[in-house]
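Read off the chains here:
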Amino acid sequence: MTAFKTLSLAMFKGFIRDKVTLFFTFLFPLMFLVIFGLILRDVGADKTRIAVVGDGPIVSALRESGALELESYSDENAAVQKVKDGDLPAALIIRGQQLDVRFAQSDQVKSATVLGIVNGFVDKANLAATGQPPRFTFASEKVEDASLKPIQYLTPGILSWGVAVSAVFGAALTLVSWRRKQVLRRIRLAPVSATSVLSSRLLVSAGVALVQGATFVGIAMLPLFGLKLSGSWWLAIPLLLLGTIAFFALGMLVGAFAKTEEAASAAANIVVLPMAFLSGTFFPVDQAPAWLQTVSKIFPLRHMNDGMLDVLVRGKGIEALLMPSAILVGFALVVGFIASRVFKWEE
Amino acid sequence: MTEERSAVVVRDVRKSYGELKAVDGVSFTVAEGEFFGILGPNGAGKTTTLEIIEGLRKPDSGEVRLLGESPWPRNVKLLPRIGVQLQASSFFEKLTAKEQLQTFGALYGVSKGTAADMLELVGLADKANEQENKLSGGQRQRLSIACALVHDPDIVFLDEPTAALDPQARRNLWDVLRAIQERGKTIVYTTHYIDEAEILCDRVAIMDEGRILALDTPAVLVRGLDAPTHVTLQKGVLSIVDASALDGVEEAHENEVSLTLSTRRPAPVLSALAERGALDGLQVRTATLEDVFLNLTGREYRA
Ligand SMILES: Nc1ncnc2c1ncn2[C@@H]1O[C@H](COP(=O)(O)OP(=O)(O)OP(=O)(O)O)[C@@H](O)[C@H]1O
Ligand SMILES: [Mg+2]
């Protein structure tokens with residue numbers, strides 16, 4: 001046991017002393033998180049803006065509801081010009097009891113939204129003016145789903161991807177460099193199994209994955225990005241660990257074939273990058289064409305992503321872990337077995 | 001010596017890489033506590049032989065017994081009892097000298113303190129916290145040897161431990177190797193350096209092209225050669241004709257700076273030279289393993 005501890009400590013020291021690895025493990029995925037997080041910050045949160053001329057109870061009600069974003073103009077012509085120029089979809093002009101909506105024919109969807117919302121408020125005000133209680137009531141509640149704010153799907157996606165990259169590269173490069181530097185032959189001459197030595201490296205990868213999780217989520221929760229975690233976020237921890245094991249196994253397979261560190265890097269990239277794109281790291285897969293969604297199901301990263309999304313932001317419970325966990329464990333077993341078959345001690 | 005007391009027994013071992021016979025019928029035994037050297041030029045098959053004994057390679061044919069057991073396939077029972085320094089040094093990435101030792105020690109269940117103590121033995125205590133890739137070639141070599149010794153093995157295999165060392169470092173390392181032997185360890189080592197093998201080894205196997213050409217103590221090998229002693233004098237102290245006429249001189253050569261006499265009876269030659277007061281620039285060179293190699297292969301020895 002102390003042997004395992006010493007080995008793990010050695011692996012850990014080797015890891016944190018390698019600046020390049022640190023960069024690709026932490027800063028590189030964080031760069032994506034920050035850049036995409038900033039670029040897409042307002043997408044989805046986007047409300048329709050309209051021009052408003054004049055004021056009154058309906059305008060106040062609209063402003064309070066937050067259903068539309070109101071841009072006040074004092075001059076009617078200027079407001080209408082904005083609509084004509086296509087800058088705004090509609091202008092609301094209030095003259096006492098009279099409300100006029102001037103809308104752009106070119107943006108029918110938005111105009112319809114505006115008309116519907118304004119109409120609703122006018123009807124409500126009319127009804128209230130009659131003093132009658134409403135015969136039908138209607139309540140609405142937001143369901144967080146396909147319409148997640150970008151940071152809500154970016155964080156789980158980039159976290160899964162970051163963990164996958166660091167586990168695949170960690171395993172592949174360790175194996176290749178040990179083989180090239182004859183460390184594997186030395187290990188072979190010691191009364192330990194290669195598996196136990198690799199396990200200590202796996203332990204380091206698992207620790208790294210947890211630190212990645214804490215860092216990425218912590219940064220995404222800054223007010224600037226505004227990630228909101230669901231109550232069952234801690235279910236992401238077992239998922240991070242299982243993902244590490246699965247992708248570590250994949251890295252061992254890459255490391256078994258690659259002869260040089262360069263080849264291992266290239267091969268790992270070829271495996272990980274397309275998988276990342278198709279698994280919803282940078283955009284939600286539900287927005288992709290159906291055939292692509294089907295294809296993406298063959299990637300373990302897709303399932304890890306789904307699981308992460310479910311437990312981190314969609315508020316699903318432990319049952320959401322079943323499918324991703326089963327797939328990750330199965331993947332780790334199959335790929336790990338193949339890797340152990342093609343494993344080579346020396347060049 | 002009986003085979004039971006032998007640390008290593010190698011019987012007619014062969015190993016080919018395609019057409020190339022890297023090891024071509026090698027047999028020898030190494031007694032417990034012996035310092036055994038394998039001497040030979042590049043490509044002689046030294047590393048291959050050593051790695052077959054260590055159990056890193058499978059021989060095509062022949063038999064190897066290491067401490068009475070077969071090292072192939074990987075024999076975990078044997079591993080704690082042997083220490084190996086590979087020809088290419090093998091270290092973990094980014095670890096300091098001390099951490100390398102502790103990590104290799106951990107593979108054998110050796111405590112951290114014991115591992116760190118090994119640095120003293122090879123004179124690297126002041127480099128304990130230096131990362132391995134910042135050590136000089138010689139220091140790395142010594143660290144590599146320390147890593148082979150960290151678990152206190154009974155047999156130590158060292159593949160060219162003194163390669164790439166300056167003369168001072170080489171001598172320091174000789175002291176280390178002698179100290180290991182004094183602790184009762186068996187040492188099997190390879191080298192290019194004839195003089196070193198002559199000084200260090202109890203017995204030497206001279207190897208070339210996959211075969212052992214001769215195997216014995218250095219003294220016996222040289223004596224068995226019946227090679228002449230060369231006496232060199234400054235040119236001009238004696239004419240070549242007079243020199244050839246001296247009792248015991250077999251041959252005399254002269255070049256721009258010196259006169260060299262070959263003799264198998266150096267005593268009368270030296271006293272005759274002393275009588276004539278012709279001892280200026282005197283050098284006496286007896287036969288060495290180098291001559292043994294030349295004699296065996298017909299080739300100059302080039303390390
Ligand atoms: N893995 C291998 N594949 C093919 N040929 C090999 C292999 N290993 C060694 N050889 C060949 O076998 C021969 C003996 O090699 P070996 O390494 O045993 O020599 P050596 O005596 O240790 O030489 P050196 O002093 O240069 O270390 C060489 O000709 C070498 O090219
Ligand atoms: Mg060699």
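The rules behind these values
Residues numbered from 1 in each chain as written. Chains lettered and ligands numbered in written order. Predicted model: local features only at pLDDT ≥ 70, side-chain atom pairs only at ≥ 80, totals over all residues. Heavy atoms only, no water. Helix = DSSP H or I, 4+ residues; strand = E, 2+ residues; numbered from the N terminus. Buried < 20%, exposed > 50% of the residue type's maximum accessible area, 1.4 Å probe, protein only. Contact = heavy atoms within 4.5 Å. Areas by Shrake-Rupley, 256 points an atom, 1.4 Å probe, with all protein chains shown as cover. Lys, Arg positive; Asp, Glu negative; His and termini not counted. Charge placed at Lys NZ, Arg CZ, Asp CG, Glu CD. Donors = N, O, S within 2.8 Å, 3.2 Å for Na, K, Ca; no water. Core = buried A, V, L, I, M, F, W, Y, C linked by side-chain atoms within 4.5 Å. UniProt positions renumbered as here; feature names shortened; annotations may be inferred. Pairing = 2+ DSSP bridges. Axes fitted to C-alpha atoms, helices over the stretch in contact; angles between N-to-C directions. Buried area = accessible area lost by both parts, 1.4 Å probe. Salt bridge = Lys/Arg side-chain N within 4 Å of Asp/Glu carboxyl O. 1 Å grid on protein atoms, 1.4 Å probe; cavity = no way out; pocket = protein on both sides within 12 Å on 5 of 7 lines; lining within 4 Å. Points joined across faces, edges and corners; volume = space filled by probe spheres on them. Nonpolar A, V, L, I, M, F, W, Y, C, P; charged D, E, K, R; others polar.

A tally of regular secondary structure across chain B gives 10 helices and 13 strands. Considered along the principal axes of its C-alpha atoms, chain B spans approximately 70 × 45 × 35 Å. The burial tally for chain B puts 51% of its 303 residues in the buried class. Taking the intrachain contacts of chain B between residues at least 6 apart in sequence as the baseline, contacts between residues at least 24 apart amount to 65%. With an accessible surface of roughly 13400 Å², chain B has 46% of that area assigned to carbon and sulfur atoms. For chain B, the separation between the mean place of its 34 positive charges and that of its 45 negative charges on side chains is 5 Å.

We now examine the coordination of the magnesium ion (ligand 2). The magnesium ion (ligand 2) binds to the protein through Thr47 of chain B (OG1) and Gln87 of chain B (OE1); the donor distances cover 1.8 to 2.2 Å. Linking threonine 47 of chain B in helix α1 (residues 46-54) with glutamine 87 of chain B in the loop between β5 (82-85) and α2 (97-107), this pair joins segments that are 40 residues apart in sequence.

This part is about the nonpolar core. One finds Trp178 and Phe247 of chain A together with Leu101, Leu107, Leu143 and Leu289 of chain B to be the most contacted residues of the largest nonpolar core, which totals 117 residues. Of all the elements, helix α6 (residues 150-180) of chain A adds the most residues to this core, at 15 residues. Among all residues touching leucine 143 of chain B, those that are not within four sequence positions of it are Phe91, Ala97, Gln100, Leu101, Leu119, Leu124 and Leu135 of chain B. Of all hydrophobic cores here, the second largest spans 28 residues; its members include Leu189 of chain A together with Val8, Val30 and Ile52 of chain B.

Here the focus is the UniProt feature "domain: ABC transporter" (unreviewed entry) in chain B. With numbering matched to this structure, UniProt assigns "domain: ABC transporter" (unreviewed entry) to residues 8-234 of chain B. For residues 8-234 of chain B, the end-to-end C-alpha separation is 49 Å, with 33% helix and 29% strand making up the annotated structure.

A separate point is the sheet that holds strand β13 (residues 283-285) of chain B. Residues and elements named next belong to chain B. Overall, antiparallel pairing links the 4 strands, which are arranged β11-β12-β10-β13 in an open sheet. If you trace the sheet from one side to the other, it starts and ends with β11 (249-254) and β13, each paired once. Averaged over neighbouring strand pairs, the angle between their axes works out to 20 degrees when direction is ignored.

Turning our eyes to something else, we now look at the pairing of strand β8 (residues 203-208) of chain B. Residue and element names in this part refer to chain B. Burial runs high along β8: 6 of the 6 residues are buried. The alternating pattern of β8 places Arg203, Ala205 and Met207 and Val204, Ile206 and Asp208 on opposite faces, both of which are buried. Two elements, strand β3 (residues 35-39) and β8, share 4 bridges in a ladder whose sense is parallel. Counted as the bridge partner of isoleucine 38 is alanine 205 from β8. Direction of pairing for β8 relative to strand β9 (residues 211-216): antiparallel, over a ladder of 5 bridges. Of the residues in β9, the one forming a bridge with aspartate 208 is arginine 211. Here β8 folds back onto β9, and the loop between the two strands holds 2 residues, one of which, glutamate 209, carries a positive phi near 50 degrees.

This paragraph deals with the pairing of β11 of chain B. Residues and elements named next belong to chain B. As defined by bridge partners, β11 adjoins strand β12 (residues 258-263) across 5 bridges and the pair is classed as antiparallel. When the bridges of β12 are listed, glutamate 251 appears paired with serine 262. Hairpin geometry of β11 and β12 is characterised by an intervening segment of 3 residues between the two adjacent antiparallel strands.

Turning next to the environment of valine 8 of chain B. Tracing the backbone shows valine 8 of chain B in strand β1 (residues 6-17). Among residues more than four places away in sequence, those in contact with valine 8 of chain B are Phe28, Thr29, Val30, Ile53, Arg65, Leu66, Ile155, Phe157 and Val188 of chain B.

This part is about the sheet that holds strand β6 (residues 155-159) of chain B. Adjacent strands of a sheet form backbone hydrogen bonds with each other and so pair up, either parallel or antiparallel. Residue and element names in this part refer to chain B. Reading across from one edge, β5-β6-β7-β3-β8-β9 is the order of the 6 strands in this open sheet, with mixed pairing throughout. Among the strands making up the open sheet, the edge pair consists of β5 and β9. Here the strands of the sheet are splayed against their neighbours by 15 degrees on average, with no regard to which way each runs. Alignment of β3 against strand β7 (residues 186-191), held across 5 bridges, turns out to be parallel. Residue pairing in the sheet places isoleucine 38 in a bridge with threonine 190 of β7.

Each partner contributes to the interface: chain A provides 25 residues, whereas chain B provides 33 residues. Counting each side, the surface lost to burial between chain A and chain B is near 2700 Å², with a carbon and sulfur contribution of 59%. Here chain A is connected to chain B by 5 salt bridges. Close ionic contact of lysine 181 of chain A with glutamate 132 of chain B constitutes a salt bridge, the shortest N to O distance being 3.7 Å.

Before going further, it helps to examine empty space enclosed by the protein. Tallied over the entire structure, the rule returns 7 cavities of 30 Å³ or more. In this model, the largest cavity occupies a volume close to 60 Å³. Along the walls of the largest cavity sit Arg188 and Leu189 of chain A together with Glu54, Gly55, Leu56, Leu66, Pro71, Arg74, Asn75, Leu78, Leu79 and Ile82 of chain B, which together make up its complete lining. A breakdown of the residues in the lining of the largest cavity according to their chemical character gives 7 nonpolar, 2 polar and 3 charged.

This part covers the layout of surface pockets. Residue and element names in this part refer to chain A. Each pocket or cavity is described by its volume, and for the largest pocket that value is around 710 Å³. In terms of lining, the largest pocket is formed by 28 residues, of which the most central are Asp18, Thr21, Phe169, Gly170 and Leu173. Elements with a contribution of two residues or more to the lining of the largest pocket: α1 (2-16), α2 (19-39), α6 and α10 (261-278). With 9 residues, α6 is the single largest residue contributor to the lining of the largest pocket. Empty space within the second largest pocket amounts to approximately 390 Å³. Residue lining of the second largest pocket: 18 residues in total, with Thr195, Leu198, Met252, Gly336 and Ser340 positioned closest to the centre. Counting residues per element, the ones that place at least two in the lining of the second largest pocket are α8 (194-220), α9 (236-257) and α13 (319-342).

Considering all chains together, one arrives at 33 salt bridges over all chains under this definition. Residue glutamate 99 of chain B pairs with arginine 17 of chain A through a salt bridge whose shortest N-O separation is 2.7 Å. Note that glutamate 99 of chain B is positioned in helix α2 and arginine 17 of chain A in the loop between α1 and α2, a pairing that runs across two chains. Its relative accessible area of 10% is what places glutamate 99 of chain B among the buried residues. Between lysine 77 of chain B and glutamate 69 of chain B there is a salt bridge; the shortest N-O distance is 3.3 Å. A residue is classified by how much of its surface remains accessible, and lysine 77 of chain B, at 60% relative accessible area, is exposed. One connected set of salt bridges, linked through shared partners, spans Arg185, Arg188 and Glu346 of chain A together with Glu51 and Arg57 of chain B.

Let us look at the UniProt feature "transmembrane region" (unreviewed entry) in chain A. All names here are of chain A. The positions that UniProt labels "transmembrane region" (unreviewed entry) are, in the present scheme, residues 20-40, 158-178, 202-227, 233-254, 266-285 and 321-343. End C-alpha to end C-alpha, residues 20-40 measures 28 Å, and it is 95% helix and 0% strand. Taken end to end, residues 202-227 has its terminal C-alpha atoms 30 Å apart, with 73% of it in helix and 0% in strand.

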